[in-house]
Amino acid sequence: MINSKHSKPLSDVQLRVKALESILLEKGVVDQNTLDTIVDIYENRVGPHLGAKVVARAWTNPEFKNRLLSNGAATIAELGMGSILDVQLVVKENTPTVHNMIVCTLCSCYPWSVLGLPPNWYKSFPYRSRAVSDPRGVLMDFGLALPTDTEVCVWDSTANMRYMVLPLRPEGSENLSEDELAALVTRNAMIGTAVVSVS
Amino acid sequence: MNGFHDMGGMDNFGSVVDEANEPVFHEDWERSMFALFIALIPAGYCNMDEIRRIVELIPPATYLDTRYYEKWLYAIEMIALEKDILTLDEIENGQSSRTEGSNIRPAVPAELFELAAKQRSKSKIDLESKPGFKPGDIIVSRNMHPSHHTRIPRYARNKRGVVVEDNGIFLLPDTRAHDGPDIPEHVYTVRFTAQELWGVDAPIKDSVCLDLFESYLQTK
């Protein structure tokens, strides 16, 4: 799958991946259609637009929100979403007094089923190292200054639970439709490094 | 293992930089690497805990100096060798050098991929087992420093916290990562105050929650 438009020499890593892919295909360890399916799922089908839909539904449907908060995995399944790997989605609700934030300090665990694959910053050493010890400093890196009396709760994904934040519904969004609300919800707001606003 | 991957609470890595309009994959090889990695899981060659164990064995200087998907490449190459899927010569040259003796299973076809991935990655166990703790219990996490893979970060060891949730029973990564026996244990969400973890200068209301296996915890 090395792109032929690159005229520069392949790097060592590119060559190694290409060699691995060739030999695994040749030996029938992996199937080309399966590889294409996997890429299609994670590059085109899942992503933050799914999480945004879940958030907008929760903002407009209190009964859905209650179920989402008590059993995230079963509730997103109602919307045709779900994890390919056996992990459990858990949704944490922000309130006027509590701000939640998600991290995986040990590796890169992330709620793929609703947010797709993580951005580089989520997997980066600065985030993984400081999110637990200095979450407010990390939020300042994102330009978000929380009031000192807000309770910051960080969720370090050390086992099979995959966390997503249900952000606060912004003021001024009372008359928006579910689709319009979903359009306001950003990936970072669902990780907890941003808040949602009506722009 | 007290490795470099366990970086919660470390300083001096700099600011978090959010890339605008970031693509899912930055280069084509990352896309290939990701797909190969995921495709190996439903065939049942390895579990995620084994992958994590191998990534954690990357020497510290290399760990810091390699890109994210390079670590996956390293892990898959190691798994292919460990599980006798490929020989070193095959990995290096990308060409088959033998026809016998390799531990190869039929590839999972695309139409069965999602079902097989779910089954093969299963680690939540439907089992009746009396939990040792319940929400509201005060615990102290163990002061443990095993040489093997574990999922309790250093910053959360030997700390006092409160159980907030019993998430059910899962297979312990500490043995599962090493092809060891399957040990089912309850996994609890435990809340530690920021002051318990980081000292009295931490904001008084802030907290960190972790999901911890029962054997990582003891009664206070």
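What you see as residue numbers is a count from 1 along each chain, following the sequence as written. In the order they appear in the text, chains get letters beginning with A and ligands get numbers beginning with 1. In keeping with the predicted nature of the model, local features appear solely for residues at pLDDT of at least 70, side-chain atom pairs appear and are counted solely at 80 or more, and the whole-chain, interface and lining totals rest on all residues. Note that water and hydrogens are dropped before the side-chain values are worked out from all heavy atoms of the structure.

**What to know about the overall build of chain B**
Convention followed: Note on conventions: DSSP H or I runs of at least 4 residues are helices, E runs of at least 2 residues are strands, and numbering of each starts at the N terminus. To sort residues, take the accessible area from a 1.4 Å probe on protein chains only and compare it with the maximum for the residue type: under 20% means buried, over 50% means exposed, and anything in between is partly exposed. Note on definitions: a residue-residue contact is assigned when non-hydrogen atoms from the two residues lie within 4.5 Å. The Shrake-Rupley method, run with a 1.4 Å probe, gives the accessible areas here. Residue values count only the displayed protein chains as cover.
In terms of regular secondary structure, chain B is built from eight helices and six strands. Beginning at the N terminus, the succession of helices and strands in chain B can be written as α-α-α-α-α-α-β-β-β-α-β-α-β-β. Its C-alpha atoms give chain B principal-axis dimensions of about 60 × 45 × 35 Å. In chain B, which comprises 220 residues, the share counted as buried stands at 51%. Long-range pairs, those at least 24 residues apart, make up 64% of the contacts in chain B between residues at least 6 apart in sequence. For chain B, the computed accessible surface area is about 10,300 Å², with 51% contributed by carbon and sulfur atoms.

**Things to note about empty space enclosed by the protein**
Gaps between atoms show up when a probe of the same size as a water molecule is rolled over them. We count it as follows: Put plainly, a pocket is an open set of points on a 1 Å grid over the protein atoms alone with protein on both sides within 12 Å along at least five of seven lines, a cavity is a set where a 1.4 Å probe fits but cannot get out, and a lining residue has an atom within 4 Å of a point. Grid points are joined across faces, edges and corners, and a volume is the space filled by probe spheres set on the points. Throughout this entry, Asp, Glu, Lys and Arg are counted as charged residues, while Ala, Val, Leu, Ile, Met, Phe, Trp, Tyr, Cys and Pro are counted as nonpolar. The remaining residues, Gly among them, count as polar.
Here the structure, examined in full by the defined rule, presents one cavity of 30 Å³ or more. Taken as a whole, the largest cavity spans an internal volume of roughly 40 Å³. Val29, Val30, Asp31 and Thr34 of chain A together with Ala39, Ala43, Ala107 and Val108 of chain B are the residues that line the largest cavity. Here the lining of the largest cavity is composed, by residue class, of six nonpolar, one polar and one charged.

**Describing the side chain of Asp6 of chain B**
Counting through the fold element by element, Asp6 of chain B comes out in the segment before helix H1 (28-40). Once you skip the residues sitting within four places of it in the chain, Asp6 of chain B turns out to touch Leu106 of chain A together with Pro153, Arg154 and Arg157 of chain B.

**Some remarks on the interface of chain A and chain B**
As a reminder of what qualifies: Note on definitions: buried area is the accessible-area loss of two parts on being combined, 1.4 Å probe, summed for both. Salt bridge, as used here: a side-chain nitrogen of Lys or Arg that lies within 4 Å of a carboxyl oxygen of Asp or Glu. Two N or O atoms form a polar contact when they lie within 3.5 Å of each other; inside protein one atom must be a possible hydrogen donor and the other a possible acceptor, and for residues adjacent in sequence the pair counts only when both atoms belong to side chains. Between any two strands, pairing holds if DSSP finds at least two bridges.
Listed as interface residues are 76 residues of chain A and, on the opposing side, 89 residues of chain B. At the boundary of chain A with chain B, total buried surface from both sides reaches about 7,100 Å², with 62% on carbon and sulfur atoms. On the surface where chain A and chain B come into contact, there are six salt bridges. With its nearest N and O atoms 3.6 Å apart, the salt bridge here joins Asp18 of chain B to Arg187 of chain A. Inspection of the chain A/chain B interface yields 34 residue pairs in polar contact (both at pLDDT 80 or more). Of all elements in the fold, only helix H1 (12-26), helix H2 (32-45), helix H7 (120-123), helix H8 (125-130), helix H9 (135-141), strand S3 (151-156), strand S4 (161-166) and helix H11 (187-191) of chain A reach the threshold of two or more residues within the side of chain A that touches chain B. Of the residues forming the side of chain A that touches chain B, the biggest block, eleven residues, is contributed by H1 of chain A. Partitioned by chemical class, the residues of the side of chain A that touches chain B number 38 nonpolar, 20 polar and 18 charged. Pairing of S3 of chain A with strand S5 (residues 207-213) of chain B, which is carried by four bridges, proceeds in the parallel orientation.

**A word on unusual backbone geometry**
Most peptide bonds take the trans form, and the phi angle of most residues other than glycine is negative. Residues and elements named next belong to chain B. The backbone of Asn12 shows a phi angle near 80°, a positive value even though the residue is not glycine. Inspection of the secondary structure assignment puts Asn12 in the segment before H1. On the basis of relative accessible area, Asn12 is assigned to the exposed category, the value being 77%. The backbone of Asp179 sits at a positive phi, close to 60°, despite the residue not being glycine. Counting through the fold element by element, Asp179 comes out in the loop between helix H7 (173-176) and strand S4 (184-193).

**Points about the layout of surface pockets**
As a volume, the second largest pocket reaches approximately 510 Å³. Asn71, Gly72, Gln88, Leu89 and Val90 of chain A are, among the 28 residues lining the second largest pocket, the residues nearest its centre. Of all the elements in the fold, those that place two or more residues in the lining of the second largest pocket are helix H4 (62-70), helix H5 (72-77), strand S1 (88-93) and S4 of chain A together with strand S3 (160-171) and S4 of chain B. When residues in the lining of the second largest pocket are grouped by element, the largest group, five residues, is from S1 of chain A. Looking at the lining of the second largest pocket residue by residue, the class counts come to twelve nonpolar, nine polar and seven charged.

**Some words on the domain arrangement of chain B**
All names here are of chain B. Cut-off, in case you're wondering: Domain limits in this description derive from either an automatic procedure or a database domain assignment.
In terms of domain boundaries, chain B breaks down into domain 1 (28-122) and domain 2 (125-219). Between the C-alpha centres of domain 1 and domain 2 the distance comes to 29 Å. If you look at the interface, domain 1 gives ten residues, while domain 2 gives seven residues. Regarding the contact of domain 1 and domain 2, the summed buried area is about 790 Å², with carbon and sulfur atoms giving 40% of it.

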